[in-house]
Amino acid sequence: MVLDQLTGVCPASAPESVTLPGALGRVLAHPILADRDIPSLARSVRDGFAVRSAETPGRLRLAGEVRAGEPALLPLPPGSAIEIMTGAPLPEGADAVVMVEHTTRDDTHVIVPAATPGLNFNPQASEASAGAVLLPAGERLSYPGIALCASVGAANIAVHPKPRVAILATGDEVVPFDQTPLPHQVRNSNTLSLATQVTLAGGIPIVLPTAPDRLDETRALIEQGLESDLLLLSGGVSAGKYDVVELALQQLGAQFFFDRVAIQPGQPLVFGRARDTFFFGLPGNPASTMVCFEIFARAALDRLAGRPHAPLPFTRASLEHPFSHRPGLTRFLPARLHPNGHSVARISWTGSSDVPAIAQANCFLVAQPDTPEYHAGDLIDILFLER
Ligand code: AMP
Ligand code: MG
């Protein structure tokens, strides 16, 4: 990737502690360890009878029962079976559990089929040994991770602070989304799509007032934005006479890493750093803003969030219909992955301003710069839109 400048970027401040029920989406600052063997003792995974496999098949005397939530007080006497419930500890001497469905019993005895050693129980520490690292630092918690933390008693967890991401829309024609625009104006949709993308990626969006296409006001708002951990600008980075974002950044002493990329939408993308804060100048067309966030800005946000190795949400699918595109640029085209998860269809659009088309998409197709023709059935990369 072209974001080598991000190597070594890490969260701006020290870890904080959160309680487990509020830990969804938080990024671990320290690994989660097993506080004891898992399971802590051999445990049945079926309702049935604990037996010695060497004594099966056969008719065994019933020597008692062990329930989930009870210790196994009774060792298994020779020639016997102990009735056992799922989750209950395996009695000493037993080396198999026969499922209740496979047995016949009366008041004193049970007839069991042949059982192999190790059948239907999890040995002590078979899932993890005490002290083992179960989740590394940098992992973002979802429900399986939260279940894991609960299972090892991690009630308070050290997590990285969420990066604060300033969002600054620009444009004289852009009006707040809750106002009625005049015919020559557009509602501000980028601020909200970006705030949503930032939230989904684990950041805290800080929305600044929209900057008009005037240098001084734009520069003053950029200065405010540079106080956050990351600054995302939308619009004002193309070649237009009133595209003042790069000049305003220059006047603030910005270092530019690049100001053009070979993708569409998103060609005029700007990436740099000013006053120790990374910024992205995202082209203002809604699809450009969304795509550039996902494939560029998100990498910076992930590192600031303590996730240096988060993967981009790419996968591959089979094209339902052929299409062609002009070679030379990598193109991101709105598309819909079929619920079968295998095939994908383009959504027709007028271009990167076409929000109604993008709103029907659940992914973007990635058309390669050296492949002008795609055929039905071709495997093609797709970039998921997180929803
Ligand atoms: P720009 O990158 O400033 O040249 O803007 C490109 C196109 O995106 C123009 O048609 C703008 O009106 C539109 N645009 C810019 N900012 C926004 C925004 N915040 N929300 C929706 N559309 C926008
Ligand atoms: Mg503009």
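Some remarks on the overall build of the protein chain
Turning to step 1, where the next piece is worked out: Across its full length, the protein chain carries 6 helices and 28 strands.
Turning to step 2, where the next piece is worked out: Expected size for 387 residues packed as a compact globule is a radius of gyration near 21 Å; at 30 Å, the protein chain overshoots this value by more than 25%.
Turning to step 3, where the next piece is worked out: In terms of overall dimensions, the protein chain has C-alpha extents of about 95 × 50 × 40 Å along its principal axes.
Turning to step 4, where the next piece is worked out: Counting across all 387 residues of the protein chain, residues that qualify as buried make up 47%.
Turning to step 5, where the next piece is worked out: Summarising the internal contacts of the protein chain: among those between residues at least 6 apart in sequence, 68% fall at separations of at least 24.
Turning to step 6, where the next piece is worked out: Only carbon and sulfur atoms are counted for the fraction: they give 54% of the accessible area of the protein chain, which is about 18600 Å².

Examining the pattern of salt bridges
Turning to step 1, where the next piece is worked out: For the structure shown, the criterion picks out 11 salt bridges.
Turning to step 2, where the next piece is worked out: Close ionic contact of Asp302 with Arg298 constitutes a salt bridge, the shortest N to O distance being 3.8 Å. Of the two residues, Asp302 and Arg298 both sit in helix α5 (residues 286-304), 4 residues apart, roughly one turn of that helix. With respect to burial, Asp302 and Arg298 carry one shared label: buried.
Turning to step 3, where the next piece is worked out: Between Asp381 and Arg316 there is a salt bridge whose closest N-O contact spans 2.9 Å. Remark: Arg316 occurs in strand β22 (residues 314-319) and Asp381 occurs in strand β28 (residues 379-384); sequence separation between them is 65 residues.
Turning to step 4, where the next piece is worked out: Classification of Arg316 as partly exposed rests on a relative accessible area of 47%.

Examining the nonpolar core
Turning to step 1, where the next piece is worked out: Core analysis: the largest hydrophobic core is formed by 55 residues, its most contacted members being Leu230, Leu232, Phe280, Phe296, Val344 and Leu365.
Turning to step 2, where the next piece is worked out: Looking at this core element by element, the count peaks at 12 residues for α5.
Turning to step 3, where the next piece is worked out: Dropping the residues within four chain positions of it, Val344 is found in contact with Ala317, Ser318, Leu319, Glu320, Ala335, Arg336, Leu337, Cys363, Leu365, Ile380 and Ile382.
Turning to step 4, where the next piece is worked out: Core analysis: the next-biggest nonpolar cluster, separate from the first, contains 18 residues, Ala166, Leu168, Val237 and Ala248 among them.

Looking at the packing of aromatic side chains
Turning to step 1, where the next piece is worked out: Taken as a whole and judged by the stated rule, the model has 8 aromatic pairs.
Turning to step 2, where the next piece is worked out: Relative to Phe280, the ring of Phe271 has its centre 4.5 Å away and its plane inclined at 10 degrees; by these criteria the two rings are stacked.
Turning to step 3, where the next piece is worked out: For Phe271, a relative accessible area of 0% translates into the label buried.
Turning to step 4, where the next piece is worked out: Relative accessible area serves as the criterion here: at 0%, Phe280 is assigned to the buried category.
Turning to step 5, where the next piece is worked out: A ring pair is formed by Phe323 and Tyr374, whose centres lie 5.0 Å apart and whose planes are at 15 degrees; its orientation type is stacked. Separated by 51 residues along the polypeptide, Phe323 in strand β23 (residues 323-324) and Tyr374 in strand β27 (residues 373-374) bring together distant segments of the chain. Across the pair, exposure class does not vary: Phe323 and Tyr374 are buried alike.
Turning to step 6, where the next piece is worked out: Sitting over the face of the ring of Phe323, Arg346 holds its NZ or CZ atom 5.1 Å from the ring centroid.

The rules behind each value
- In this convention, every chain numbers its residues from 1, walking through the sequence in written order.
- Naming scheme: in the order in which they are written, chains are lettered from A and ligands are numbered from 1.
- Local features in this predicted model are restricted to residues whose pLDDT is 70 or higher, and side-chain atom pairs enter the listing and the counts only when it is 80 or higher, whereas totals over whole chains, interfaces and linings include all residues.
- Only heavy atoms go into the side-chain values, all of them from the structure, while hydrogens and water stay out.
- Strands here are runs of E lasting at least two residues and helices are runs of H or I lasting at least four, both read from the DSSP assignment and numbered beginning at the N terminus.
- For the radius of gyration, the atom set is restricted to C-alpha positions; the globular benchmark scales as 2.2 Å times the number of residues to the power 0.38.
- Here's how the labels work: a residue is buried when its accessible area is under 20% of the maximum for its type, exposed when over 50%, partly exposed in between, all with a 1.4 Å probe on protein chains only.
- By definition, residues are in contact when any of their heavy atoms lie within 4.5 Å.
- All accessible-area figures derive from a Shrake-Rupley calculation using a 1.4 Å probe, and residue coverage is judged against the displayed protein chains alone.
- Any Lys or Arg side-chain nitrogen located within 4 Å of an Asp or Glu carboxyl oxygen qualifies as a salt bridge.
- Residue types Ala, Val, Leu, Ile, Met, Phe, Trp, Tyr and Cys, when buried and joined through side-chain atoms within 4.5 Å, form a set referred to as a nonpolar core.
- Here is the rule: rings of Phe, Tyr and Trp (six-membered ring for Trp) pair when centre to centre is within 6.5 Å. Planes less than 30 degrees apart are stacked, more than 60 are edge-to-face, and the remainder are tilted.
- Each ring is checked for a lysine NZ or an arginine CZ that lies within 6 Å of its centre and within 35 degrees of its normal; such an atom marks a charge sitting over the ring.

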